[in-house]
Amino acid sequence: LLCLYSCQWITTKKEKRKGLRTTKCDCSWFLFLFCVFLFTLVWLYFAIIILNDFHNFNEFIFKQRKLWLDWSLVLLIATSVLITYSAVLLVLALCLQLCGQPLKLHWLHKTLLILIALVVAAAFTGLGIKWAEEWRSASISLQATGPFLHIGIVGGMTLLAWPLASFIYRTRNTGVKVFLLLVYCTAMITLYLSPLRISSPCIMEENQLPPKPALFGHRGAPMLAPENTLMSLHKAVDCDVQVFETDVMVSADGVPFLMHDEELTRTTNVQAVFPERAALNSTAFNWTDLQQLDAGSWFLERRPFHTVQSLSAGDRYQATKQRIPSLEQALEAAKQNNISIMFDLRPENHSDYQSFVNATLEVILQSGIPLQQVLWLPDGFREQVKQQAPGVQQVYGRKRLQNEKEPLLHVNLPYQDMSSEEIRQYRQDNISVNLYVVNQPWLFSVLWCSGVSSVTTNACQVLKEMKHPIWLLPSSTYLMIWIVVDCASFLAILWAFVLLKKCSQRRWPAEPEADVLLTKINSLMQE
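Note that the coordinates shown come from a computational prediction; the quantities given were computed from them, not determined experimentally. (Residues numbered from 1 in each chain as written. Predicted model: local features only at pLDDT ≥ 70, side-chain atom pairs only at ≥ 80, totals over all residues. Heavy atoms only, no water.)

What to know about the environment of Ser72
If you trace the backbone, Ser72 turns up in helix H5 (residues 71-98). The buried category is assigned to Ser72, whose relative accessible area is 12%. In this structure, the C-alpha to C-alpha distance between Ser72 and Leu142, residues 70 residues apart in sequence, is 21 Å. In this structure Ser72 touches Leu51, Phe54 and Asn58, once residues within four positions along its chain are discounted. Polar side-chain contacts of Ser72 include one of 2.5 Å to the side chain of Asp70. (Helix = DSSP H or I, 4+ residues; strand = E, 2+ residues; numbered from the N terminus. Buried < 20%, exposed > 50% of the residue type's maximum accessible area, 1.4 Å probe, protein only. Contact = heavy atoms within 4.5 Å. Polar contact = N/O pair within 3.5 Å; in protein donor to acceptor, adjacent residues only side chain to side chain.)

Right, here's the structure in full:
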């Protein structure tokens, strides 16, 4: 253990052992190691939480660098390496402390720990600058993980009592003993009482659970088929989605079609068919040109989701045959499958945006789809839409205002923008709340318990199978778990200090006699 931690072997010579005693500097490095481990552990938690939204990051990198890669794998692998390295060093240090060995951290380990701290600090800084909404995601995640994090942290701090007690009984510095005991006791009391601050919508009785939220397919079923294609729409129908959520643009000759990005490079083979025009806005192409593009093969080549690997041969073949669908085709498919369609009209800053609205409304009115199955998201020229198509459901991308002239019936917001209390209030006021984009079961469970009406998701095939939130605890059961965990922890800590005190009392009196005996033997051998 000493070799792995200090990169040197401990010898049996007494004079060498004296040179390897733990100094104040060594204790400082152990404290630094402990802090780096906790810092990296917190980053691992963040990395797992932001997986829900990581597809957005992949799309952002592609727009900037034209390079597609599932960066979530890079993030998880790198984080796992960092946390494993710091955890191994920490375990070695604790074992050495229990064995009474010196904590001489090698300079190479010191250098690597400093680098780890800098890398994780840079990661947190980048997250705060470029992806600040993920801090709110982490806050929401505590509603799902808070009760279990409390149990885990209490367990970890309880185990820490063993090396702490060992150190306290070995050291002769009374000030250090008092300081460590005060810090440890304060931390444990805080942990024991922390459930008073833990709140989760899933702490409720079974009969209070709201209905399961409806599923909106984000661009269809993008984990099972190329996004914004008819195949994706049909896969979403198979997942029992109630609404096909998509994005609409209008071609240069006035045909509304489904497309999310302003450029065609990510989801089509435009670079191969029209290389000189690949960087143009999607609206610069006429419908004839758009129909020449392959809108499905990229899905198999880039594998935007891990689920692509499990597609059947039939689905793979069907994906290669996908073309950019027009809004008319999408409305016809939605009408045949009796699902609603909700869309954004892009780009909103286009100079011809009013003509886009007119062309889109014309297609909707001519399609024959019941207007209540159309959910209108764009804010531009909304009053005109209300007059020409009064049956269309108006969905707002904002919260209600205090002096709202016309009451909102449907709102569509990022899941980070609404608290559980607001969701409950909107539900009581009969306002339908749809939150996006919800992919992870833990997040879906929290929103389900909060009472959200529906969620937009990439993972409709996963959320479809959920018949119940991941966990649901009555408040009385959670109270019982809290009391049992705290009592068990207190007894374990008390036992650790009592047991190690008895061991130290047995061990230390024998040491002076052993030293005298070794001295006599050494003098006899020298004579």
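We are not done yet, so read on.
Digging into the packing of helix H3 (residues 24-49) against helix H6 (residues 107-130)
In the contact formed by H3 and H6, the axes pass within 10 Å of each other and the chain directions differ by 35 degrees. As for how H3 packs across H6, the hand of that crossing is left-handed. Across from Trp29, Phe32, Leu33, Val36, Phe39, Thr40, Val42, Trp43 and Phe46 in H3, the residues of H6 making contact are Lys110, Leu113, Ile114, Ile116, Ala117, Val120, Ala121, Ala123, Phe124 and Leu127. By residue class, the composition of the contact of H3 with H6 is 17 nonpolar, 1 polar and 1 charged. (Axes fitted to C-alpha atoms, helices over the stretch in contact; angles between N-to-C directions. Left-handed = near helix turned anticlockwise from the far one by under 90°. Nonpolar A, V, L, I, M, F, W, Y, C, P; charged D, E, K, R; others polar.)

Quick notes on the packing of aromatic side chains
Here the structure, examined in full by the defined rule, presents 19 aromatic pairs. Each ring, one from Phe54 and one from Phe57, has its centre 5.1 Å from the other, and the planes form 55 degrees; the classification is tilted. On the criterion of helical spacing, the pair formed by Phe54 and Phe57 is a turn pair, its members being 3 residues apart in helix H4 (residues 54-65). Between Phe257 and Trp287 the ring centres are 6.5 Å apart and the planes differ by 35 degrees, which places this aromatic pair in the tilted class. Separated by 30 residues along the polypeptide, Phe257 in strand E3 (residues 256-258) and Trp287 in helix H12 (residues 287-290) bring together distant segments of the chain. When sorted by exposure, Phe257 lands in the same class as Trp287, which is buried. By the ring-pair criterion, three or more aromatic residues cluster together here, those being Phe39, Trp43, Phe46, Phe124 and Trp135. (Phe/Tyr/Trp six-rings, centres within 6.5 Å; stacked < 30°, edge-to-face > 60°.)

With respect to the UniProt feature "transmembrane region" (unreviewed entry) in the chain
Under the present numbering, the feature "transmembrane region" (unreviewed entry) in UniProt falls on residues 27-51, 71-99, 111-129, 149-169, 176-194 and 479-500. The span residues 111-129 is 100% helix and 0% strand, and its two end C-alpha atoms sit 27 Å from each other. For the annotated span residues 176-194, helix accounts for 95% and strand for 0% of the residues, and the straight-line distance between the end C-alpha atoms is 27 Å. (UniProt positions renumbered as here; feature names shortened; annotations may be inferred.)

Thoughts on the domain arrangement of the chain
Interface size is commonly expressed as the accessible surface area that is lost when the partners come together. Split into domains, the chain comes out as domain 1 (1-9 + 22-131), domain 2 (138-200 + 473-508) and domain 3 (214-465). On a C-alpha basis, the centroid separation for the pair domain 1 and domain 3 is 39 Å. If you look at the interface, domain 1 gives 10 residues, while domain 3 gives 19 residues. Roughly 1,200 Å² of surface becomes buried between domain 1 and domain 3 when both sides are summed, with 50% attributable to carbon and sulfur atoms. Per-residue buried area on domain 1 facing domain 3 is highest for Asn52, His55 and Trp68; these three make up 44% of the total on that side. Taken together, domain 1 and domain 3 are joined by 3 salt bridges. Between Glu59 and Arg266 there is a salt bridge, with the nearest N and O atoms lying 3.6 Å from each other. Here domain 1 and domain 3 share 7 residue pairs in polar contact (both at pLDDT 80 or more) between them. Among the elements that take part in the side of domain 1 that touches domain 3, H4 stands out by supplying 4 residues, more than any other. Taken together, the residues of the side of domain 1 that touches domain 3 break down into 4 nonpolar, 2 polar and 4 charged. (Domains from an automatic or database assignment. Buried area = accessible area lost by both parts, 1.4 Å probe. Salt bridge = Lys/Arg side-chain N within 4 Å of Asp/Glu carboxyl O.)

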